[in-house]
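Structural description and commentary
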Amino acid sequence: MIQKRLFVIILMAFCFISLSSEKKGFNGIAKGEWKASPELVERLSKRRSETNYDEQKVTEYTLPDPLTMIDGTAVADAQTWTFHRRPEILELFRTYVYGRSPVERPENMSFEVFDLERNALGGSAIRKQVTVYFTGEKEGPKMDILVYLPKNADKPVPTFVLLNFGGNHTVHSDPAIRLSESWMRPGEGVKDHRANEASRGRSSSRFPIEQILKRGYGLATIYYGDIDPDFHDEFKNGVHPAFDRKRGPDAWGSIGAWAWGLSRAMDYFETDDEIDQSKVAVLGHSRLGKTALWAGARDPRFAIVISNNSGCGGAALSRRAYGETVKRINTSFPHWFCDNFKTFNDKEEDLPVDQHMLIALMAPRPVYVASADEDLWADPRGEFLSCKHAESVYHLFGKKGLSKEPMPDLNQPVNEGTIGYHVRSGGHGLTEYDWQRYMDFADMHFEK
Ligand code: GCU
């Protein structure tokens, strides 16, 4: 009798295991979901033995619940989220991850439109170039915003804003774009000599401006080095010294400064009648994708927030420690985050937040996260999981999060909900495919 019962139990267990293993792969990946190429995993693991690229080696972790306050109170409605839990999480990100900016809109900040061409790009566009003097002083820190708008728009234009890596003049071959001065590390000369004609249009593949205009959108871009040069100099250059009094362990780093600069661009858009300030989408690639997410979290004026291959410190869950880790990023780029973030090197599980909570800070606004198949350094699955674990907050607002689950396969965008996601073929980069998906998403949410 006992033997018979045991046999039935074993048989049931066997059926259960084979059923569930049919649904899920050995490492929890369902059929039809994206999976890193085993050859690539092997190749990268050999190249960087200290980095984990193996899904099976991701250790178990528990994510902090976006819907539980620090004191344990459950968040059950949108009011409590908006007025209590959201500010609490924002403050945790300020204190432990990106740091605190000492000022918001500086009192004396001024704008100077130094170029306005209503027949740009062969007559198809309006071009504007605007200098933002952050302190109002001409000699102080400043940034140039380059704007293209479609010509003959009959109303203010919804616009994408993003920072660029190489200088405004690298985004298009238009000879009227003012050269951005880029900066090198001390010892290598003060000004970078790349600020020259030779680099004009060099990054134009990342900026399909004509297509963006054709779809009825404007594009605004700023060289990130105008706001803060991207190397560690103890915050002596860029906007930091103009506003810092004393720097504590929660003082803003470079990502904090770049995100702050995007908000200053938004201040300008509010003064420009040709830009629809209620329809500004902030976008960023890689370190600038981390920046776009932080900008969108800090500043609710950004109506859509888009992260392209942002990875660690961006959309990817830190606790997975897959690809780039908190320790790695803080070591290679000690100036990006606040000093407090370094206390979580190899201690991701102690972080009071994880990156799904950064995505949740956008709610109820639409947010889109994109990964690339070969960009394992940025942890595509970790980026998807952040979106998934942010969904509970969207549900409080009666919004759909992702429109489909589980993780989609290659080039199968999931974009009908309020959280969009895709993983496209290829490596780390901002491609035309990505742009088309972002415009599809914006078309839907801006009701174009
Ligand atoms: C490095 C860094 C990433 C970052 C990327 C980029 O690879 O480790 O975190 O996203 O640079 O900005 O290009």
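Residues numbered from 1 in each chain as written. Predicted model: local features only at pLDDT ≥ 70, side-chain atom pairs only at ≥ 80, totals over all residues. Heavy atoms only, no water.

**Regarding the side chain of Arg298**
By secondary structure assignment, the location of Arg298 is in helix H8 (residues 287-298). At a separation of 3.0 Å, a polar atom in the side chain of Arg298 contacts the side chain of Ser101. Side chain to side chain, Arg298 and Glu104 meet in a polar contact 3.0 Å long. Dropping the residues within four chain positions of it, Arg298 is found in contact with Leu90, Ser101, Glu104, Ala259, Trp260, Ser263 and Arg264. (Helix = DSSP H or I, 4+ residues; strand = E, 2+ residues; numbered from the N terminus. Polar contact = N/O pair within 3.5 Å; in protein donor to acceptor, adjacent residues only side chain to side chain. Contact = heavy atoms within 4.5 Å.)

**A few points about the pairing of strand S8 (residues 367-372)**
Extensive coverage of S8 is indicated by the burial of six of its six residues. The alternating pattern of S8 places Val367, Val369 and Ser371 on one face and Tyr368, Ala370 and Ala372 on the opposite face, and all of these are buried. Both strand S7 (residues 304-308) and S8 contribute to a ladder of four bridges, which runs parallel. By the bridge assignment for S8, Ile306 is matched with Tyr368. Here S8 pairs with strand S9 (residues 419-424) via six bridges, running parallel. Of the residues in S9, the one forming a bridge with Ala372 is Arg424. (Buried < 20%, exposed > 50% of the residue type's maximum accessible area, 1.4 Å probe, protein only. Pairing = 2+ DSSP bridges.)

**Observations regarding the sheet that holds strand S4 (residues 157-164)**
Reading across the sheet, the nine strands line up as S1-S2-S3-S5-S4-S6-S7-S8-S9 and stay open at both edges, with mixed pairing between neighbours. At either end of the open sheet lies a strand with only one pairing partner, and these are strand S1 (110-120) and S9. Averaged over all neighbouring strand pairs, the angle between strand axes comes to 15°, with direction disregarded. Taken strand by strand, H8 contacts S4, strand S6 (275-285), S7 and S8, and its axis lies near 145° from that of S6. (Axes fitted to C-alpha atoms, helices over the stretch in contact; angles between N-to-C directions.)

**Some words on the packing of aromatic side chains**
As enumerated under the stated definition, the model contains 21 aromatic pairs in all. Taking the centre distance of 6.2 Å and the plane angle of 90° together, the rings of Tyr53 and Tyr322 count as edge-to-face. On the criterion of sequence distance, the pair formed by Tyr53 in the loop between helix H2 (38-47) and helix H3 (78-98) and Tyr322 in the loop between S7 and helix H9 (326-332) is long-range, its members being 269 residues apart. Looking at Tyr322, the relative accessible area reads 5%, which means it is buried. When the ring of Tyr224 is compared with that of Trp258, the centres are 4.8 Å apart and the planes differ by 50°; the resulting orientation is tilted. Taken together, the residues span a long stretch of sequence, with Tyr224 in helix H5 (residues 224-227) and Trp258 in helix H7 (residues 254-269) at a distance of 34 residues. Comparing Tyr224 with Trp258 shows no difference in burial state: the two are buried. (Phe/Tyr/Trp six-rings, centres within 6.5 Å; stacked < 30°, edge-to-face > 60°.)

**Here we look at the packing of H3 against H8**
Relative placement of two packed helices is described by the angle separating their axes and the distance separating the axes. Two elements in contact, H3 and H8, have axes separated by 11 Å at closest approach and are oriented at 140°. Classified by the interaxial angle, the pair formed by H3 and H8 is oblique. Viewed along their axes, H3 and H8 form a crossing whose handedness is left-handed. The segment H3 lies against H8, with Arg86, Leu90, Phe93, Arg94 and Tyr98 engaging Trp294, Ala297 and Arg298. Considering only residue class, the contact of H3 with H8 consists of five nonpolar, no polar and three charged. (Parallel < 35°, antiparallel > 145°, perpendicular 65-115°, else oblique. Left-handed = near helix turned anticlockwise from the far one by under 90°. Nonpolar A, V, L, I, M, F, W, Y, C, P; charged D, E, K, R; others polar.)

**Examining unusual backbone geometry**
Excluding glycine, a negative phi dihedral is what most residues carry, and trans is how most peptide bonds are arranged. Looking along the chain, the bond that leaves Ala363 and enters Pro364 is cis, with omega of 5°. Of note, Pro364 is situated in the loop between helix H10 (355-360) and S8. The linkage connecting Glu405 with the following residue, Pro406, adopts the cis geometry, with an omega of -5°. Within the element layout of this structure, Pro406 appears in the loop between helix H11 (380-396) and S9. Its identity is not glycine, yet Asn309 carries a phi of approximately 50°, on the positive side. Within the secondary structure, Asn309 is located in the loop between S7 and H9. Judged by relative accessible area, which is 1%, Asn309 ranks as buried. Positive phi, close to 50°, is recorded for Glu447, a residue that is not glycine.

**Here we look at a positive patch on the surface**
Taken together, the side chains of Arg43, Arg47, Arg48 and Arg328 make up a positively charged region of the molecular surface. Within the fold, Arg48 resides in the loop between H2 and H3. When its relative accessible area of 31% is taken as the criterion, Arg48 is described as partly exposed. (Patch = residues over 30% accessible without salt bridge, like charges linked within 9 Å, V, L, I, M, F, W, Y side chains within 5 Å. Areas by Shrake-Rupley, 256 points an atom, 1.4 Å probe, with all protein chains shown as cover. Salt bridge = Lys/Arg side-chain N within 4 Å of Asp/Glu carboxyl O. Lys, Arg positive; Asp, Glu negative; His and termini not counted. Charge placed at Lys NZ, Arg CZ, Asp CG, Glu CD.)

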